Amino acid sequence: RPGEDLRRLDWALFARLGQAFVKVTRRDAGEEWAVLIDASASMGVGPPGKLQRAAEVAGALAVLGSGQGARVRLLASSGAELFLTRGRAGGELLSFLNGLRAVEALGMRSLVERAGRFRSATRVFLVGDLLDLEPREALGLVRRGRSLAAIGLLAPLEFEPGPLGRVEWWDPEEEQRLVLDVGARSAQAYEETLGAHVDGWREAAARHRAAFGCWDTRTPFEDVLRGVLRV
């Protein structure tokens, strides 16, 4: 067809059949994907729960990658790990995802700091709230021959904290009960801080040609995948 690269022309087929064919390579064949899942206690916030949606997204990525011939390594901040070889994503995957619990103190940063566990990955996906991680820490994973996608998931109450006044809050990671008097100024400060966090991720990802998105956990996981994979 017009515009095809002649360097990819299959001369052997052309000589034998008298028709022009170009060699098509399948990018994902032979690849290794790393799906990093934040299973810290803060992922228990909801409803809908952040870890539940993260598990659905991670599972869908594992099925997609495995189906395309990639080897998929799933790593949770709890230390749980699963390695799926090409074309295999069944009962083992369901068992792994069902076993995830939002009870650990360590989050996404702990996984990024152990990048040696997925050094051969050509595609890396971060799935969590990304609140414990600065963009520069994650984007240090980007290198030649590797792409990065950061998937931020926040519960509805984290986007819209609710009415002003006295609020009781349980910090799941520090296991402390907090009593706060939320006024208009503190609510505005929270909104600005969250906005700066999301904008910082978006701008840094664009500079490094990485994919980034932040979603409410009410968003179906299919829509999250379409957004981060740009399909």
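One can find the structure itself at the top, above this paragraph.
Residues numbered from 1 in each chain as written. Predicted model: local features only at pLDDT ≥ 70, side-chain atom pairs only at ≥ 80, totals over all residues. Heavy atoms only, no water.

Undergrad: Can you lay out the sheet that holds strand 3 (residues 81-84) for me, pointing to particular residues and giving the numbers?
TA: On the basis of which strands lie adjacent, the open sheet formed by six strands has the order 3-2-1-4-5-8 and mixed pairing. One side of each edge strand has no neighbouring strand; the edge strands of this open sheet are strand 3 and strand 8 (211-216). Geometrically, the sheet is characterised by an average inter-axis angle of 10° between neighbouring strands, direction not taken into account. As paired elements, strand 5 (residues 147-154) and strand 8 share six bridges and run parallel to each other. The residue of strand 8 that forms the bridge with A149 is A211. Here helix 2 (residues 50-67) sits on the sheet in contact with strand 1 (32-37), strand 2 (71-76), strand 3, strand 4 (123-128) and strand 5, set at roughly 175° to strand 1. (Pairing = 2+ DSSP bridges. Helix = DSSP H or I, 4+ residues; strand = E, 2+ residues; numbered from the N terminus. Axes fitted to C-alpha atoms, helices over the stretch in contact; angles between N-to-C directions. Contact = heavy atoms within 4.5 Å.)

Undergrad: An account of the environment of R53 is needed here, citing residue identities and associated values.
TA: Take R53: it is sitting in helix 2. With 102 residues separating them along the chain, R53 and A155 place their C-alpha atoms 9.8 Å apart. Setting aside residues up to four positions removed in sequence, R53 forms contacts with L153, T217, R218, T219, P220 and F221.

Undergrad: How would you sum up the pattern of salt bridges? Please name residues and give values.
TA: For the structure on display, the rule yields eleven salt bridges. In this structure, R71 and E32 form a salt bridge, with 3.9 Å as the shortest nitrogen-oxygen distance. One end of the pair, R71, is in strand 2; the other, E32, is in strand 1, with 39 residues separating them in the sequence. Classification of E32 as buried rests on a relative accessible area of 4%. (Salt bridge = Lys/Arg side-chain N within 4 Å of Asp/Glu carboxyl O. Buried < 20%, exposed > 50% of the residue type's maximum accessible area, 1.4 Å probe, protein only.)

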